[in-house]
Amino acid sequence: MEMQQSELEARYRAAQDALPPHARVARAAAMFVWARDLIGREIIADRGPLSPERLKWETAMRMYGSDAVSRKLIQQMLDQAG
C-alpha cells in the first residue's frame, strides 16, 4: 500500500508542478473559500442562524483567533456586530 501511495503522491505533485502559476493561485483561492465556507457551516450548525456580519467575524475568529493581535481585533468586530 505504501508503494501505491508514494506513486500516487508523486503523480499528484507532478500534476501540480505542471500547472501554470495562475492555476495554482486559483486552486489555492478555491481551497480557501471551501475551508472558510466549511467553518461557516460548522458555526451555524453549532449556534444556529447568525447575521452575515456576525458569521463573517465568527469564522475569522476560528481561522485567525490563535494569533493574539488578530484575536483582539476580531473580538472588537464581534462586539460591534452584536
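Everything below is about the structure printed above this text.
Read on for a plain summary of the structure. The structure displayed is predicted, hence computed values, not measured ones.

## Here's the deal with the environment of A18
Residue position: A18 is located in helix α1 (residues 2-18). Once the C-alpha coordinates of A18 and R36 are considered, the two residues, 18 residues apart in sequence, prove to be 27 Å apart.

## Thoughts on the pattern of salt bridges
For the structure shown, the criterion picks out six salt bridges. Note that E42 and R62 form a salt bridge whose closest N and O atoms lie 3.6 Å from each other. Here the residue E42 occupies a position in helix α2 (residues 21-47), and R62 occupies one in helix α3 (residues 52-64), the gap between them amounting to 20 residues. A relative accessible area of 38% means that E42 is categorised as partly exposed. Of the charged contacts, one joins D46 and R62 as a salt bridge, the two residues approaching to 3.3 Å between their closest N and O atoms. Residue D46 is located in helix α2, and its partner R62 is located in helix α3; the two are separated by 16 residues in the primary sequence. By relative accessible area, which is 58% here, D46 ends up exposed. On the basis of relative accessibility, which here comes to 40%, the residue R62 falls in the partly exposed class. Bridged by salt links that share partners, the residues E42, D46 and R62 form one connected network.

## So, the packing of α3 against helix α4 (residues 68-81)
Contact geometry for α3 and α4: axes closest at 9 Å, N-to-C directions at 160 degrees. Taken together, the axes of α3 and α4 are roughly antiparallel relative to one another. α3 and α4 meet at a crossing whose hand is left-handed. Between α3 and α4, the residues in contact are E53, R54, W57, E58, A60, M61 and Y64 and S70, R71, I74, Q75, M77, L78 and A81, respectively. Split into classes, the residues belonging to the contact of α3 with α4 amount to eight nonpolar, two polar and four charged.

Thresholds applied
Residues numbered from 1 in each chain as written. Predicted model: local features only at pLDDT ≥ 70, side-chain atom pairs only at ≥ 80, totals over all residues. Heavy atoms only, no water. Helix = DSSP H or I, 4+ residues; strand = E, 2+ residues; numbered from the N terminus. Salt bridge = Lys/Arg side-chain N within 4 Å of Asp/Glu carboxyl O. Buried < 20%, exposed > 50% of the residue type's maximum accessible area, 1.4 Å probe, protein only. Axes fitted to C-alpha atoms, helices over the stretch in contact; angles between N-to-C directions. Parallel < 35°, antiparallel > 145°, perpendicular 65-115°, else oblique. Left-handed = near helix turned anticlockwise from the far one by under 90°. Contact = heavy atoms within 4.5 Å. Nonpolar A, V, L, I, M, F, W, Y, C, P; charged D, E, K, R; others polar.

Limitation: the analysis is restricted to geometry and does not speak to function.
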